[in-house]
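Next come the chains, spelled out residue by residue.
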Amino acid sequence: MIKVNGQKYDYQEKKLLELLEEQGHRPEMVAVELNEEMVPREKFPEMVFHDGDVVEIVMFMGGGAR
């Protein structure tokens, strides 16, 4: 099991890019932290989860004050 944004999933041996696509995220619009380390965007296609991994996905939001 791994934890993604506080939720448990059975995603071990799955690639990060697959997870992002399954959850409807655009890879160019997120930042990902794996076990408290930032994952460079160029590593998304090859990064594979392992049992016990903790993942945080942060989405970039547009907009601003008016």
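Residues numbered from 1 in each chain as written. Predicted model: local features only at pLDDT ≥ 70, side-chain atom pairs only at ≥ 80, totals over all residues. Heavy atoms only, no water.

Caption draft 1: Summary view of unusual backbone geometry. Located in the positive-phi region is Asn5, a residue other than glycine, with phi close to 50°. Secondary-structure assignment places Asn5 in the loop between β1 (2-4) and β2 (7-9). On the accessibility criterion, Asn5 (37% relative accessible area) is partly exposed. One non-glycine residue with positive phi stands out, namely Asn35, at about 50°. With respect to the secondary-structure elements, Asn35 resides in the loop between β3 (30-34) and β4 (37-38). (Helix = DSSP H or I, 4+ residues; strand = E, 2+ residues; numbered from the N terminus. Buried < 20%, exposed > 50% of the residue type's maximum accessible area, 1.4 Å probe, protein only.)

Caption draft 2: Local environment of the confidence of the model for the protein chain. Counting all residues, the mean pLDDT for the protein chain is 90, and 92% of those residues have values of 70 or more. Taken element by element, the protein chain is modelled with least confidence in helix α1 (residues 16-22), mean pLDDT 92, and with most confidence in β4, mean pLDDT 97. (pLDDT = per-residue confidence, 0-100.)

Caption draft 3: Broad picture of the side chain of His25. Relative to the assigned elements, His25 resides in the loop between α1 and β3. Looking at His25, the relative accessible area reads 14%, which means it is buried. Sequence-distant contacts of His25, that is, excluding residues within four places in its chain, are made with Leu20, Val30, Ile57 and Met59. (Contact = heavy atoms within 4.5 Å.)

Caption draft 4: Highlighting the pattern of salt bridges. Counted according to the given criterion, the structure contains three salt bridges. Residues Glu22 and Lys14 are paired through a salt bridge, measuring 2.5 Å at the closest nitrogen-oxygen approach. Where Glu28 meets Arg26, a salt bridge forms, and the shortest distance between an N and an O atom there is 2.8 Å. Overall, the relative accessible area of 43% leaves Glu28 in the partly exposed class. (Salt bridge = Lys/Arg side-chain N within 4 Å of Asp/Glu carboxyl O.)

Caption draft 5: Focus on the pairing of strand β5 (residues 54-59). As judged from the two bridges shared by β1 and β5, these two strands associate in the parallel manner. Bridging from a neighbouring strand, Val4 pairs with Val55 of β5. As defined by bridge partners, β3 adjoins β5 across five bridges and the pair is classed as antiparallel. Within β5, the residue paired with Glu33 across the bridge is Glu56. (Pairing = 2+ DSSP bridges.)

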